[in-house]
Amino acid sequence: MAAARPTSSGSGALCRLVLLTLTILIFACDACKKVTLHVPSKLDAEKFVGRVNLKECFKSANLIRSSDPDFQILEDGSVYTKNAILLSSEKRNFTILLSNTENQEEKKMVVLLEHQTKVLKKRHSKEKVLRRAKRRWAPIPCSVLENSLGPFPLFLQQIQSDTAQNYTIYYSIRGPGVDREPKNLFYVERDTGNLYCTRPVDREEYESFELIAFATTPDGYTPELPLPLVIKIEDENDNYPIFTETTYMFTVSENSRVGSTVGQVCATDKDEPDTMHTRLRYSIIQQLPASPTLFSMHPTTGMITTSSSQLDRELVDRYQLKIKVQDMDGQYFGLQTTSTCIIDIKDVNDNLPTFTRSSYVASVEENTVDVEILRVTVEDKDLINTANWRANYTILKGNENGNFKIVTDLKTNEGILCVVKPLNYEERQQVNLQIGVVNEAPYSNEASSRSAMSTATITVNVQNQDEGPECSPVLQTVRIKENTQLRTPSNGYKAYDPEARSSRGIKYRKLNDPKQWVTVDENSGSITVIKSLDREAENIRNGIYNITVVASDEDGRSCTGTLGIILEDVNDNGPSIPKQQVIICKPVTSSAEIVAVDPDEPINGPPFHFTLESTSDSDVQRRWILTGINDTATRLSYQNDLPFGTYTVPIRVADRLGQSHITPLTVILCDCIIENDCTSRVSPRTGNGEVKLGTWAILAILLGIALLFCILFTLVCGASRATKQPKVFPDDLAQQNLIVSNTEAPGDDKVYSTNGFTTHTVGSSAQGICGTMGSGVKTGRQENIELVKGHQTLELDRGDGQRTLDSCRGGHVEVDNRQYAYTEWRNFTQSHLGEKVQLCNQDDNHNHAQDYVLTYNYEGKGSMAGSVGCCSEQQDEDGLEFLDHLEPKFRTLAAACTTR
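Read on for an overview of the structure. (Residues numbered from 1 in each chain as written. Predicted model: local features only at pLDDT ≥ 70, side-chain atom pairs only at ≥ 80, totals over all residues. Heavy atoms only, no water.)

**Examining a nonpolar patch on the surface**
Alright, step 1. Where nonpolar side chains cluster on the molecular surface, the patch consists of I698, I701, L702, I705 and F709 and spans about 490 Å² of accessible area.
Alright, step 2. Relative to the elements of secondary structure, I701 occurs in helix α6 (residues 695-722).
Alright, step 3. Classification of I701 by relative accessible area gives partly exposed; the value is 44%. (Patch = residues over 30% accessible without salt bridge, like charges linked within 9 Å, V, L, I, M, F, W, Y side chains within 5 Å. Areas by Shrake-Rupley, 256 points an atom, 1.4 Å probe, with all protein chains shown as cover. Salt bridge = Lys/Arg side-chain N within 4 Å of Asp/Glu carboxyl O. Helix = DSSP H or I, 4+ residues; strand = E, 2+ residues; numbered from the N terminus. Buried < 20%, exposed > 50% of the residue type's maximum accessible area, 1.4 Å probe, protein only.)

Right under this line is the structure:
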């Protein structure tokens, strides 16, 4: 197919004329840097622009590309346009990129296009002639048979350009097989264009060669585009097909169905794909063992399948196949290769285990346990030491009492019969067992698995053994009434000799009797009561008293049993009240619930009858009353508004049979809301406050009294000394100061703020606006009083006889050795107190502030009690009877305001 050439227009003719004037400047030494080409302002598509020298750069490059998509560069350095180009400026440049994909190296060449208008007539005339001539420059199909025998050089074809009719044309080729590996395989005659091959070619190494042919004039002009020329290497069947493995290993289960997949083989051929040279056929040429034929192979896929269902591992466990692959679709002249295929037959459980004998006989002594008495064997043709071979034994009949078990010996596959529960000769002298056996793996033929189970019978003879007396049953009981008379005999424990079937010759002795209530007769085992039996005694559960008895024969063999004495109940206990102290919170309730219990059985118990027992105190019947609740409880209520206190109320409780018991009940009438309020304190309200002091408490009180005397003595001495010197206090010293008064009760070292001041207990200190504001210090001599006013601190009697007055803000400090007693201080402040109160909360005109005198609204009827303050005019308790009928929450307040 000829290359397309665009039709020249008028402007195209001018461009071709200008192209003839092209001057190419090639700098060989700087070939990989910059090249300048002089071109016309307008270039048509697919026009030759010029040639650059890529010889030096192309040595290490295998990829050439242009940064400008309007240009293409060939391997010989020829530059052609891809599209029509109009140079808008005098210059245009682009970059030729040469890279090596193997080592990722890259080189660049910059091509600069310059506009030139000079025209050469000679070039113009050549262009006209070439434009008129009919051209033929097209690739011709060409091929070479691989491994050709020649003769060499072997002529392939002739390439020719139509421009050779008028001008001298030189032909050349480049590409793989010429100037690239494999080099010098092809060459072309420069003058004739004849193409030759110089040596044989292997298609499996080179499938084809893509060459580029060039046609140039002696002066270097290229009238034709480079011609791509493909030389195909024709395939020859010179490669044998080869299996992917030398030996194939497959596995298939025995008894597999016809057509079951065994495995697949595969072969490869290097010849040309999709030709007869690579069309392969597979086949089996030999089977060992040869008979019968059990396998087949698909000719095109190489899939091996079973052709028979007679695979039996127990007969043959491995087969060996010799397989063949041949190209040319299996024709006799095709190349072929063989390989080996080994097929292992996988075992399945198609053989049941069978007993070597149908019956067995064994013997064992009675009372023997955890012993092996018999081993049974089986035969199984399946693969040894697999689940298809290992046996599971089971006892089908005769082991209803669970005396035996059978297990498998994992090494020998034998069944081991053991005794796990002792046998009794006196009960059975012979036991017949039926056993069966199956494999661990399920049988492959499920339909016949049950009917085909192998079975055998085992006869076990029980041998007699003299085991001594037998305590059977181990627990025996006897019934005796409690409170039975002493020395009363009763039946006891009985053991017997299993061989003699009697109790003759057996001796008994008591092993354990917790309360030593009975004795055991040595010969008969009967018991005699030696102490009073009490069903309600401690550690007697459900009315049964247990003793342990040992029975032994003449040879010293013995057994141990338990005799349970069932104590029959007698109504020997009256009902009693377990909670003998009752608290009644008088403000909340007026009664309490009383519950009685009876240790006797229910037949001798409730319903109970509660009564108040008359005593020397005749007020019991008048003060208290009982009200029934249920069969076991009653309610105790007080009458006539009893005062708080503790009372003793005797209550008699009788059961249904008249057996009774008197319980002195302690009743506490308490001023409380809940019972815990009364039990957590000892209050005069209950009338039973009692304080007991120990030795250390009395000693602490004495020491405290002695310490108080010492303090009083110190204060008296200090007051007498202070009267010797008159003291003058500032007028405003009492204003807004805190006075340390007598302490009526011990308090905590806590700080309380009032009207902007800070007060402290004795022994503490506080920080105010300016350091220490006030404190009282208790020393060994007397109590000091420290006063605070504004910025100044006055300290009286620091302990060294000095008084200091300092200003926390750098004020004047005075030292005064005078001391002040508390009496003088009181006299001074009382005279000024009224005056200071009058001045309190007044403005400059000595008028009271608006909020100084307040009027309170009338809130209703006054209280019946009047004032309860410390200034109350009520001096006695007249008219206060209503306090006895207040609500519970106001009793505490009433108690604080009245004196009983």
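So, next bit.
**Structural notes on the sheet that holds strand β16 (residues 208-216)**
Alright, step 1. Read from one edge of the open sheet, four strands run β11-β17-β16-β13, paired in mixed fashion. Since the sheet does not close on itself, it has two edges, and those belong to β11 (142-145) and β13 (170-174), each with one partner. For this sheet the average axis-to-axis angle between neighbouring strands, irrespective of direction, equals 30 degrees. (Pairing = 2+ DSSP bridges. Axes fitted to C-alpha atoms, helices over the stretch in contact; angles between N-to-C directions.)

**Looking at the pattern of salt bridges**
Alright, step 1. Going through the model one piece at a time under the given rule, you end up with 16 salt bridges.
Alright, step 2. We note a salt bridge from K510 to D513, for which the minimum N-O separation is 3.1 Å.
Alright, step 3. Overall, K510 belongs to the partly exposed group, its relative accessible area being 27%.
Alright, step 4. Looking at D513, the relative accessible area reads 3%, which means it is buried.
Alright, step 5. A salt bridge links D553 to R557; the shortest N-O distance between them is 3.5 Å.
Alright, step 6. The exposure class assigned to D553 is buried, which follows from its relative accessible area of 16%.
Alright, step 7. With a relative accessible area of 26%, R557 lands in the partly exposed category.
Alright, step 8. The network of salt bridges with shared partners includes R203, E204, E207 and D235.

**Points about the packing of aromatic side chains**
Alright, step 1. What the rule picks out here adds up to twelve aromatic pairs.
Alright, step 2. Measuring from ring centre to ring centre gives 6.1 Å for F355 and Y393, while their planes differ by 45 degrees; the resulting arrangement is tilted. Taken together, the residues F355 in strand β27 (residues 354-355) and Y393 in strand β31 (residues 391-397) connect sequence positions 38 residues apart.
Alright, step 3. Members of the aromatic cluster, connected to one another through ring pairs, are F243, Y248, F250 and Y282.
Alright, step 4. It is R174 that lies over the ring of F214; its NZ or CZ is 5.9 Å from the centre.
Alright, step 5. Above the plane of the ring of F644 lies K586, whose end atom (NZ or CZ) is 5.2 Å from the centre. (Phe/Tyr/Trp six-rings, centres within 6.5 Å; stacked < 30°, edge-to-face > 60°. Lys NZ or Arg CZ within 6 Å of the ring centre and 35° of its normal.)

**Looking at the state of the cysteines**
Alright, step 1. Within the structure shown, the criterion is met by three disulfides.
Alright, step 2. Disulfide partner of C471: C559, at an S-S distance of 2.0 Å. One quick way to see it: the torsion about the S-S bond of C471 and C559 is about 75 degrees, and its sign makes the bridge right-handed. Remark: C559 occurs in strand β42 (residues 558-568) and C471 occurs in the loop between β35 (454-463) and β36 (475-481); sequence separation between them is 88 residues.
Alright, step 3. C142 provides the cysteine sulfur closest to C197, a residue in no disulfide bond, and the two sulfurs are 9.0 Å apart. (Disulfide = S-S within 2.5 Å.)

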